[in-house]
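# Chain and residue survey
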Amino acid sequence: MVDVATRSRMMAGIRGKDTKPEMILRRGLHARGLRYRLHDGRLPGRPDMVFPAKRAVLFAHGCFWHGHDCPLFRPPSTRPEFWAAKIGRNREVDAQSTAALADAFWRVGVVWECALKGPGRLPLDLLLDACAEWVVGEEPILEIRGIFTNHVASAGAHDPG
Ligand SMILES: [Zn+2]
């Protein structure tokens, strides 16, 4: 069990402040002329950004809280069962929200934290351009994640040949 002070330091470290994935996205898309509603509680999963006219929502997912299958996700060594259950529930909620949104004809985009920070991050301008294009386009789904070149498979998957 970690004390409150330690835990809040951990949270601050994990979530950051100005570098929060959601804030990076919000600033970047706003700079590209897109306008959105924030955290619309009327929609499943309370999406971070909602573009009503484009029938699109965007989530900025932290790799830890949403249990991403990537090197940024490291299960805590203390209370592993607690965290496994908690993160498992988060993933369940994510899946249900995505399905409910798609059923209601929303286009659903997810940008993972590892695409925005850490060793696998993408060039920020390219990432933001891709998001903005998706928002104004027609594609039903967007998922952007970091690229970890030490993983041969993911490097190969991005080889245009
Ligand atoms: Zn990730």
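In the block above lies the structure referred to throughout.
Residues numbered from 1 in each chain as written. Predicted model: local features only at pLDDT ≥ 70, side-chain atom pairs only at ≥ 80, totals over all residues.

## Concerning the environment of Ala99
When you line up the elements, Ala99 lands in helix H3 (residues 80-103). When the 13 C-beta atoms within 10 Å are taken as the criterion, Ala99 is described as partly exposed. Taking C-alpha positions, Ala99 is 9.0 Å from Pro44, a pair spaced 55 residues apart along the chain. (Helix = DSSP H or I, 4+ residues; strand = E, 2+ residues; numbered from the N terminus. Buried ≥ 20, exposed ≤ 12 C-beta atoms within 10 Å, placed from the backbone.)

## Remarks on the pairing of strand E4 (residues 107-112)
Among the six residues of E4, six are classified as buried, and the element is accordingly described as predominantly covered. Covered by surrounding structure in E4 are Arg107, Gly109 and Val111 together with Val108, Val110 and Trp112, the residues of both alternating faces. In this structure, strand E3 (residues 56-61) lies alongside E4, joined through six bridges in parallel fashion. Considered in E4, the bridge of Phe59 is made with Val110. Remark: the E3/H3/E4 crossover connection has right-handed handedness. Taken together, the four bridges between E4 and strand E5 (residues 141-144) define a ladder with parallel strand orientation. Pairing of Val111 across the sheet is with Ile144, part of E5. (Pairing = 2+ DSSP bridges. Right-handed = clockwise from strand over helix to strand, strands pointing away.)

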